[in-house]
There are 2 protein chains.
Amino acid sequence: MKPIKKKPMNNINIDRLIKNVQTLGTIGENPEGGIDRALGSEADLLARKWLMEYWKEVFHRETIVDGIANMWLHVENGGNKKAIVLGSHHDAVPNGGKYDGALGVLMATEVAETIAEQKITLKHPLMIVSFTGEEPNPYGISTLGSKALAGRIKKDQLMNYSHRDTTENLVEGIQRLGGGLEKWGEIPGKEEIGAYLECHIEQGNRLVKMDLPVACVSAITGIYREQITVTGEANHAGTTMMDSRKDALLGACEAALAMEAILLELQDKDIVGTIGYIKNLPNEANIIPDHTEMILDVRISNEEKKIKLQHQINERMKEIESRRGVKIHRSIILNQPAQPMSDVVIRAVSRGIEQTGFPPVQLVSMAGHDASNVAVIADSGMIFVRSIDGKSHCKEEYSTPGDIEACANAMLQAVLILDEEMAE
Amino acid sequence: MKPIKKKPMNNINIDRLIKNVQTLGTIGENPEGGIDRALGSEADLLARKWLMEYWKEVFHRETIVDGIANMWLHVENGGNKKAIVLGSHHDAVPNGGKYDGALGVLMATEVAETIAEQKITLKHPLMIVSFTGEEPNPYGISTLGSKALAGRIKKDQLMNYSHRDTTENLVEGIQRLGGGLEKWGEIPGKEEIGAYLECHIEQGNRLVKMDLPVACVSAITGIYREQITVTGEANHAGTTMMDSRKDALLGACEAALAMEAILLELQDKDIVGTIGYIKNLPNEANIIPDHTEMILDVRISNEEKKIKLQHQINERMKEIESRRGVKIHRSIILNQPAQPMSDVVIRAVSRGIEQTGFPPVQLVSMAGHDASNVAVIADSGMIFVRSIDGKSHCKEEYSTPGDIEACANAMLQAVLILDEEMAE
């Protein structure tokens, strides 16, 4: 939809922002047009270099690289107040897109650049951040930079991670990126950061369906995982009659479809569930399987609804067990609660979106983000920009300049509102 | 059920037969009570030695070991007529039971011993055989001995098979068992064998359900295998709404259950189908699968019914494809027709069963057997004995002495009838 109203306001420079997205999008670009820019890669180093040079050129300030190699730019030093931080991450999944992460860092840069250019004076210090290793990577740890910020990974745990191909230890990798255990104390904390705001592509198609360019994120989804093991009876695929079987795989198929049906019936846009993993034994064409394992991954933020969902699954599994004569064992392997975004940031983002001329809809983020870690130490929030076709983690990932402009303008307004409303 | 009538007839010695089953069943017995007696193993050699010594003791004749190491005993040399051959195999699947194969060889021995003992004169030569390597084995070829007999494996193909652990070539393995390429010409052929009759445990539970100890085998089932590949769209397990997914694994689950439903609806005791193998990609808990492969194994003997089944599967797959937006590709990877048993042998076995006091029911064998190969060169048939609980290929495999006695007596009668009715 088009903006429903348009009032005079400070505007970001969309051409400059898109040019920066294109430029950063060439670093790590592969011949197929996807982006390879994993933590610690040559492209990671080049992207860092490009960002530091760009920030130096625009803001005339040096980037501070902390102990975990997060990159920080103090746009305005301000007084003793806590800072407003804008940012995201610059690394990418293998063969990923130009927008996931990079757009957030560059939009933060554009908003800060607009503020500097328009000589807007803020009451709080303003900082830009690009976090280290947000995506799954060969060292085996994601949202690394923001985990360190939140104290969710400690200095002496780094050595437990090594690159699965090069065997480089994560401590050395971080050193190579400009971080280092000796600088661990320089990682900013809650005494320094007052609020954090991150722009990210939605990576889904809810905004497409609502015909809206932007949304305010209300929470980052909880993730709930169950391992489901169906036990039947292995038997000869030829000599065992159809009605005398205890087929673990068919039991698992029914369990998977029952879970899908329950999730579809909920008709809740903030709850999805997936069975992505299955293991079948003995997995031979001529033997009836006796052991089938699956992992159910549910993204759910409401604890009451989670309990209701578990009950519904229980009922269906019992029914399948008794009808098929198989045993279904379920164990919870992950039960990560939702991370609500801060009210003060949600209010500022919602008003920023309204001032840009769009209704301030709220969405739950169905994927994890750095904001979920930063929320442990500071008021945090996110703003989503529409993903065309809902695509992400692929070279087709795209958001239109019009949507990006609406988002960046809303973010600029949100920063101005936050600056007024933040406690100190 | 108990015999419905009992008329005077020649009877085998059930105590002797059971004692032999127990004795052979100690060779290769593992601590858990299962039998490890794979082709070429130490237990295979010991079982051969025991059989040759027993035959020598009882029949005063030397065993002939042919080029593929099949063991033959000429019980009665007879004239120039073609022989009646009774037998099965003495090897076993890993951790298998005491009855699969071994019972057939020992019942053949018992029937021949009874004929010799009771000085019954036959018009045809009588032979016992124990075939080499009927079961799947580490050399990667099953029903090896009978394949060589039928010309389904040639002398110069043997070298293509090697033991997957020891790397011993099959040529050497066969040599070690007393065979050898130089004796290939000594493998008996259709000029020598007139009829073949094999007793085997049913390995299923149809006789249990019918409350009968024995049945005549009408045919050895055909095996039809399809590889089914479901292609969907990989996507983020969190950000992709439930109604926007093209989940290959859920499509495969529906396909598997649809195939089960079609097979159950047929209510045909001679048709079973199994999906024992599944492969899912990328098989990660947090990614919606885009590629799921399965193998469907159908045991079916009637070509018309097979075509009807294929049509029914087609219809259901089309429906799943269009509803789920996935592609389902199917390719036939095995299409082995049924092997009917010979009419003359079926008649003799049926009358043998009747004379033993039971109704002469006919069953299709749902597993492959040596008889399926021997049928290429001679009138062949099989007699099934009830498997308790339908169990097979496990240490719980069992048939009662009463059932075995009924079967052996029916086989003895069948041999006497065959001897009368065979053409030459």
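Provided above is the structure to which this section pertains.
Now for a quick tour of the structure. (Residues numbered from 1 in each chain as written. Chains lettered and ligands numbered in written order. Predicted model: local features only at pLDDT ≥ 70, side-chain atom pairs only at ≥ 80, totals over all residues. Heavy atoms only, no water.)

### What to know about the side chain of A:Glu254
Here A:Glu254 lies in helix 7 (residues 248-266). Contacts of A:Glu254, omitting those with residues within four sequence positions, involve A:Ile320, A:Arg323, A:Arg324 and B:Leu257. (Helix = DSSP H or I, 4+ residues; strand = E, 2+ residues; numbered from the N terminus. Contact = heavy atoms within 4.5 Å.)

### Re helix 7 of chain A
All names here are of chain A. When the terminal C-alpha atoms of helix 7 are compared, their 27 Å separation across 19 residues agrees well with the 27 Å that a helix rising 1.5 Å per residue should span. In terms of residue burial, helix 7 counts as a mostly covered element, since 15 of its 19 residues are buried. Where helix 7 begins, the side chain of Asp-247 points an oxygen toward the backbone nitrogen of Leu-249, at a separation of 3.0 Å. Remark: Gln-267 follows helix 7 within two positions and exhibits a positive phi of approximately 45°. (Expected span 1.5 Å × (residues − 1). Buried < 20%, exposed > 50% of the residue type's maximum accessible area, 1.4 Å probe, protein only. Polar contact = N/O pair within 3.5 Å; in protein donor to acceptor, adjacent residues only side chain to side chain.)

### Overview of the interface of chain A and chain B
With 53 residues of chain A in contact, the opposing surface of chain B contributes 53 residues. Summing both sides of the interface, chain A and chain B together bury roughly 4,300 Å²; the carbon and sulfur share of this comes to 61%. The interface formed by chain A and chain B contains four salt bridges. Between B:Glu260 and A:Arg324 there is a salt bridge; the shortest N-O distance is 2.6 Å. In this structure, the connection of chain A to chain B is made through 20 residue pairs in polar contact (both at pLDDT 80 or more). Broken down by secondary-structure element, the contributors of at least two residues to the side of chain A that touches chain B are helix 6 (206-210), helix 7, strand 9 (272-281), strand 10 (287-288) and strand 11 (291-299) of chain A. (Buried area = accessible area lost by both parts, 1.4 Å probe. Salt bridge = Lys/Arg side-chain N within 4 Å of Asp/Glu carboxyl O.)

### Side note on the side chain of A:Glu135
As for its placement among the helices and strands, A:Glu135 is situated in the loop between strand 4 (126-131) and helix 4 (144-150). No salt bridge is formed by the buried A:Glu135; the nearest opposite charge belongs to A:Arg37, separated by 8.8 Å. (Lys, Arg positive; Asp, Glu negative; His and termini not counted.)

### Here we look at the packing of aromatic side chains
Residue and element names in this part refer to chain A. Tallied over the full model, the rule gives eight aromatic pairs over all chains. Pairing Tyr-99 with Tyr-398 gives two aromatic rings, centres 5.8 Å apart and planes at 85°, and the pair type is edge-to-face. With a gap of 299 residues between them, Tyr-99 in the loop between strand 3 (83-89) and helix 3 (102-117) and Tyr-398 in the loop between strand 15 (379-385) and helix 11 (401-421) connect regions that are remote in the sequence. Judged by its relative accessible area of 34%, Tyr-398 is partly exposed. (Phe/Tyr/Trp six-rings, centres within 6.5 Å; stacked < 30°, edge-to-face > 60°.)

### Focus on the sheet that holds strand 9 of chain A
Residues and elements named next belong to chain A. Taking strand neighbours across the sheet as the criterion, the four strands line up as 9-11-7-12 in an open arrangement whose pairing is antiparallel. Looking at strand neighbours, the two that pair on one side only are strand 9 and strand 12 (327-336), the edges of this open sheet. In this sheet, adjacent strand axes meet at a mean angle of 15° when their direction is disregarded. Here nine bridges tie strand 7 (residues 223-231) to strand 11, and the two strands are oriented antiparallel to one another. Counterpart to Ile-228 in the pairing with strand 11 is Met-294. (Pairing = 2+ DSSP bridges. Axes fitted to C-alpha atoms, helices over the stretch in contact; angles between N-to-C directions.)

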